[in-house]
Amino acid sequence: SLAEGIRQLSGSTSFAAVLLDLSLPDSQGIDTLLKLREAFPQQNVIVLTGRNDRAIGIKMVKAGAQDFLEKGGFKEEDLVKTLLFAIERNAILSRLEETQKAAKIGHWECSPENHHFYASEEVYRIMDVPASRTTFSCEELMASSCPLHFLVALHARVPDQDALEDTLT
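Residues numbered from 1 in each chain as written. Predicted model: local features only at pLDDT ≥ 70, side-chain atom pairs only at ≥ 80, totals over all residues. Heavy atoms only, no water.

K.L.:
Provide a residue-level description of the overall build of the protein chain, including the pertinent values.
P.N.:
A tally of regular secondary structure across the protein chain gives eight helices and seven strands. Taken across its 169 residues, the protein chain has 30% of its residues classed as buried. Counting contacts in the protein chain only where the partners sit at least 6 residues apart, residues at least 24 apart contribute 44% of the total. Carbon and sulfur atoms make up 56% of the accessible area of the protein chain, which amounts to about 10700 Å² in all. (Helix = DSSP H or I, 4+ residues; strand = E, 2+ residues; numbered from the N terminus. Buried < 20%, exposed > 50% of the residue type's maximum accessible area, 1.4 Å probe, protein only. Contact = heavy atoms within 4.5 Å. Areas by Shrake-Rupley, 256 points an atom, 1.4 Å probe, with all protein chains shown as cover.)

K.L.:
Report on helix H2 (residues 30-39), specifying residues and quantitative values.
P.N.:
Among the residues making up H2, those that are buried are Thr32, Leu33, Leu36 and Arg37. Each buried residue of H2 sits inside an arc of 125 degrees when the element is viewed along its axis, so together they form one side. (Arc of directions from axis to C-beta.)

K.L.:
Go over the pattern of salt bridges with me, naming the residues and quoting the values.
P.N.:
For the coordinates displayed, the defined rule picks out four salt bridges. Among the salt bridges present, the one from Arg7 reaches Glu4, with a minimum N-O distance of 2.7 Å. Here Arg7 pairs with Glu4, and both are found in helix H1 (residues 2-10), just three residues apart, close to one helical turn. Of the charged contacts in the structure, one is a salt bridge between Arg125 and Glu122, with a shortest N-O distance of 2.7 Å. Pair noted here: Arg125 and Glu122 are both in helix H5 (residues 121-126), with a separation of three residues, about one helical turn. (Salt bridge = Lys/Arg side-chain N within 4 Å of Asp/Glu carboxyl O.)

K.L.:
Provide a residue-level description of the sheet that holds strand S4 (residues 45-49), including the pertinent values.
P.N.:
Taking strand neighbours across the sheet as the criterion, the three strands line up as S1-S4-S5 in an open arrangement whose pairing is parallel. Either end of the sheet is taken by a strand with one partner, and the two such strands are strand S1 (18-21) and strand S5 (67-70). The sheet shows a mean angle of 30 degrees between the axes of neighbouring strands, taken without regard to direction. Note: S1 against S4, four bridges, orientation parallel. Residue pairing in the sheet places Asp21 in a bridge with Leu48 of S4. Each of S4 and S5 is contacted by helix H3 (residues 54-62), which is oriented at about 155 degrees to S5, the strand it contacts most. (Pairing = 2+ DSSP bridges. Axes fitted to C-alpha atoms, helices over the stretch in contact; angles between N-to-C directions.)

K.L.:
Describe the packing of H1 against H2, naming the residues involved and giving the relevant values.
P.N.:
Contact geometry of H1 with H2 gives a least axis separation of 11 Å together with a crossing angle of 20 degrees. It follows that H1 is roughly parallel to H2 by the angle criterion. H1 and H2 meet at a crossing whose hand is right-handed. On H2, the residues that touch Leu2, Ile6 and Leu9 of H1 are Thr32, Lys35 and Leu36. (Parallel < 35°, antiparallel > 145°, perpendicular 65-115°, else oblique. Left-handed = near helix turned anticlockwise from the far one by under 90°.)

K.L.:
Give me the lowdown on unusual backbone geometry, citing residues and values where you can.
P.N.:
Negative phi values dominate among residues other than glycine, just as trans dominates among peptide bonds. The backbone of Lys104 sits at a positive phi, close to 60 degrees, despite the residue not being glycine. For Lys104, the position within the fold is in the loop between helix H4 (76-103) and strand S6 (108-111). Owing to a relative accessible area of 56%, Lys104 belongs among the exposed residues under this scheme. The backbone of Asp128 shows a phi angle near 60 degrees, a positive value even though the residue is not glycine.

K.L.:
Residue-level account of the environment of Ile56, with values.
P.N.:
Looking at the secondary structure, you find Ile56 in helix H3. With relative accessibility at 15%, the residue Ile56 sits in the buried group. Along the chain, Ile56 and Gly29 lie 27 residues apart, while their C-alpha atoms are 9.4 Å from each other. With near-sequence residues (within four places) excluded, Ile56 lies in contact with Leu22, Thr49 and Arg51.

K.L.:
Can you break down the nonpolar core residue by residue, with the values?
P.N.:
Buried together is how nonpolar side chains tend to be arranged in soluble globular proteins. Judged by nonpolar contacts, the single largest core of 16 residues is most densely connected at Leu20, Leu33, Leu36, Val45, Val47 and Met60. Counting only elements with at least two residues in this core, the list comes to H1, S1, H2, S4 and H3. When sequence neighbours within four positions are dropped, the list of residues in contact with Met60 reads Leu22, Ile30, Leu33, Val47 and Ala65. (Core = buried A, V, L, I, M, F, W, Y, C linked by side-chain atoms within 4.5 Å.)

Here you go:
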């Protein structure tokens, strides 16, 4: 179940990646991924889908999954490759966090339409947000009382990536 998976991820054990089935007893479809990403925004998630529909997989990647595999439709080497990429992604993100800390810069992601917000630890440090409060939900970020609310206005000024790509092609 999604609840049990979240409980396991909340424990002291670190996981290189999560293989997430979109059909769980307590959650179905994209909501399963969104709930997991909200609870663990930096966790590598590989979506398993029983439907032979590439569009669903692409939708999941756009919503934050690192990759998708069709249940029963992938070979052992496909799973190994996907897991190795996930492990390497963790190493790269760790080095990025260390570099940002040394340079005293941070990064953030905001996608209100997907209810996704993530800010690096360095953003919280720069903004002097207490260490006990180093995550905000997208809904909290939208409130003007949130110390990081200014990021919403800043995000609105950044051109839409898809529109920018359309302009360049």
